[in-house]
Amino acid sequence: MAQPPPDVEGDDCLPAYRHLFCPDLLRDKVAFITGGGSGIGFRIAEIFMRHGCHTVIASRSLPRVLMAARKLAGATGRRCLPLCMDVRAPPAVMAAVDQALKEFGRIDILINCAAGNFLCPAGALSFNAFKTVMDIDTGGTFNVSRVLYEKFFRDHGGVIVNITATLGNRGQALQVHAGSAKAAVDAMTRHLAVEWGPQNIRVNSLAPGPISGGPQAGLSTKVTASPLQRLGNKTEIAHSVLYLASPLASYVTGAVLVADGGAWLTFPNDVKGLADFASFSSKL
Ligand code: NAP
């Protein structure tokens, strides 16, 4: 069985990288990655750049994306434009996309990775907390997709990959907000794939499972019950996103690719155990 590619915790680039795909796979393409300053989004940006892509990384914290862009460009030699943008604010999204188009003259790929999440029992979840997660995950995915469609993809084609989750597949405890938001995004993926396919726009979802260092990792004490019997890592998720964004997936649209080692099929979903798990109160 193939060994997982090495990864590092934290938002740092990989000290070494061995290409499995052709290093030119995304040469001179431009990817706009929301949430690209941290976590999975950071690693997606790095892996894309290691395959020749330039990137735009956008999130609310300018210091975060500035520092990430410096690291990414330094490690890969490709250009990375850091932008401050809240996916919930269409005018800010429009301004960011304009700036990206001014800088690069094109955007080929959109990765909707920005999201908010925390663990909380439904009965203790504030109305505002539920709405905020829906606004960021679902509303934000629509906002950025819609702006990019209007400003570039409608006339030039493009690829969208929405980063979702498997939480809603079986209804995981403590995750009604994120599970509902991500299920809606998977539906959006199919709607937009149908509606925008004629403009040569492919739209797919990539649903990661629990990864090492991620917020769900604490729930995964029984991870050895999953088919591959381990957590995943950010590089493995980024490789699956790379596949979907690349011409290797030229005939794939409207799909949800699950990259979780088969975990959602066998995860115990132990209601009592999960309910006992210390829940974070929402600060929203
Ligand atoms: P993360 O490091 O917390 O990344 C979330 C990113 O979204 C941050 O860079 C954050 O930056 C940005 N963001 C949040 N709200 C935003 C807003 N309103 N506008 C713009 N940007 C915003 O989380 P992650 O664990 O890597 O997760 C990345 C994606 O994978 C998410 O879609 C998540 O749901 C999904 N996922 C993760 C796991 C896992 O185990 N980690 C499992 C399944 C799915 P700012 O704070 O600077 O805005």
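Computed from a prediction, not measured in an experiment: that's the story for all the values here.

Points about empty space enclosed by the protein
1) Next: Scanning the entire structure with this criterion turns up two cavities of 30 Å³ or more.
2) Next: For the second largest cavity, the calculated volume is near 40 Å³.
3) Next: Together, T34, V87, N112, C113, A114, I136, G140, T141 and V144 line the second largest cavity.
4) Next: With four residues, the top contributor of residues to the lining of the second largest cavity is helix 4 (residues 127–156).
5) Next: Partitioned by chemical class, the residues of the lining of the second largest cavity number five nonpolar, four polar and no charged.

A few points about the packing of aromatic side chains
1) Next: As enumerated under the stated definition, the model contains one aromatic pair in all.
2) Next: Between Y149 and W196 the ring centres are 4.2 Å apart and the planes differ by 5 degrees, which places this aromatic pair in the stacked class. Of the two residues, Y149 sits in helix 4 while W196 sits in helix 6 (residues 176–196), which places them 47 residues apart along the sequence.
3) Next: Assessed through its relative accessible area of 6%, W196 is described here as buried.

Notes on the packing of helix 1 (residues 39–49) against helix 2 (residues 62–76)
1) Next: Taken N-terminus to C-terminus, the directions of helix 1 and helix 2 make an angle of 25 degrees; their axes are 10 Å apart at the nearest point. Taken together, helix 1 and helix 2 sit at an angle that is classed as roughly parallel. In this structure, helix 1 crosses over helix 2, and the sense of that crossing is right-handed. Contacts from F42, A45, E46 and M49 of helix 1 reach helix 2 at A68, K71, L72, A73 and T76.
2) Next: Grouping the constituent residues of the contact of helix 1 with helix 2 by class yields six nonpolar, one polar and two charged.

A look at the pairing of strand 1 (residues 30–34)
1) Next: Among the five residues that make up strand 1, five are buried, leaving the element largely enclosed by the rest of the structure.
2) Next: Side chains of strand 1 alternate between two faces, with V30, F32 and T34 and A31 and I33 buried alike.
3) Next: As judged from the five bridges shared by strand 1 and strand 2 (residues 54–59), these two strands associate in the parallel manner. Following the sheet pairing, A31 is matched in strand 2 by T55.

Quick word on the nonpolar core
1) Next: Grouped together as the largest cluster of nonpolar side chains are 36 residues, with contacts concentrated most on I44, F48, I111, V161 and V241.
2) Next: Where this core is concerned, the elements lending two or more residues are strand 1, helix 1, helix 2, strand 4 (109–112), strand 5 (158–163) and helix 7 (234–245).
3) Next: Tallying contributions element by element places helix 1 first for this core, with seven residues.
4) Next: Setting aside its immediate chain neighbours within four residues, V241 contacts I44, F48, I111, V161, I163 and L206.
5) Next: By size, the runner-up hydrophobic cluster in this structure holds 31 residues, among which are L81, A100, L101 and V147.

Some points on the site of the ligand
1) Next: What surrounds the ligand is a group of 27 residues, the closest being S38, I40, S59, R60 and K182.
2) Next: One of the backbone N or O atoms of I40 is found 2.8 Å from an oxygen atom in the ligand.
3) Next: One of the backbone nitrogen or oxygen atoms of S61 is found 3.0 Å away from an oxygen atom of the ligand.
4) Next: Calculation on the ligand without its partners gives an accessible area of 880 Å², and the protein chains cover 87% of this total.
5) Next: Partitioning the shell around the ligand into residue classes produces 13 nonpolar, nine polar and five charged.

Describing the pattern of salt bridges
1) Next: Per the stated rule, a full pass over the model turns up 14 salt bridges.
2) Next: Among the ionic pairs, K71 bridges to D12, the shortest N-O distance being 3.1 Å. Of this pair, K71 sits in helix 2 while D12 sits in the segment before strand 1, and the two are 59 residues apart along the sequence.
3) Next: Ionic pairing is found between D28 and R78, a salt bridge with its closest N-O pair at 2.8 Å.

A few points about helix 2
1) Next: Spanning 15 residues, helix 2 covers 21 Å between terminal C-alpha atoms, matching the ideal 21 Å at 1.5 Å per step.
2) Next: The set of residues buried in helix 2 consists of V65, A68, A69, L72 and T76. When helix 2 is viewed along its axis, its buried side chains cluster within an angular range of 105 degrees and face the same direction. Exposed side of helix 2, more than 90 degrees from the buried face: P63, R70 and G74 are the residues found there.
3) Next: Tucked inside the fold, the buried residues of helix 2 contact helix 1, strand 2 and strand 3 (80–84).
4) Next: Between the side-chain oxygen of the N-cap and the backbone nitrogen of R64 there are 3.2 Å, and the N-cap of helix 2 in question is S61.
5) Next: Backbone geometry just downstream of helix 2 places G77 in the positive-phi region, at approximately 75 degrees.

Conventions we followed
- Residues numbered from 1 in each chain as written.
- Predicted model: local features only at pLDDT ≥ 70, side-chain atom pairs only at ≥ 80, totals over all residues.
- Heavy atoms only, no water.
- 1 Å grid on protein atoms, 1.4 Å probe; cavity = no way out; pocket = protein on both sides within 12 Å on 5 of 7 lines; lining within 4 Å.
- Points joined across faces, edges and corners; volume = space filled by probe spheres on them.
- Helix = DSSP H or I, 4+ residues; strand = E, 2+ residues; numbered from the N terminus.
- Nonpolar A, V, L, I, M, F, W, Y, C, P; charged D, E, K, R; others polar.
- Phe/Tyr/Trp six-rings, centres within 6.5 Å; stacked < 30°, edge-to-face > 60°.
- Buried < 20%, exposed > 50% of the residue type's maximum accessible area, 1.4 Å probe, protein only.
- Axes fitted to C-alpha atoms, helices over the stretch in contact; angles between N-to-C directions.
- Parallel < 35°, antiparallel > 145°, perpendicular 65-115°, else oblique.
- Left-handed = near helix turned anticlockwise from the far one by under 90°.
- Contact = heavy atoms within 4.5 Å.
- Pairing = 2+ DSSP bridges.
- Core = buried A, V, L, I, M, F, W, Y, C linked by side-chain atoms within 4.5 Å.
- Near = heavy atom within 4 Å.
- Polar contact = N/O pair within 3.5 Å; in protein donor to acceptor, adjacent residues only side chain to side chain.
- Areas by Shrake-Rupley, 256 points an atom, 1.4 Å probe, with all protein chains shown as cover.
- Salt bridge = Lys/Arg side-chain N within 4 Å of Asp/Glu carboxyl O.
- Expected span 1.5 Å × (residues − 1).
- Arc of directions from axis to C-beta.

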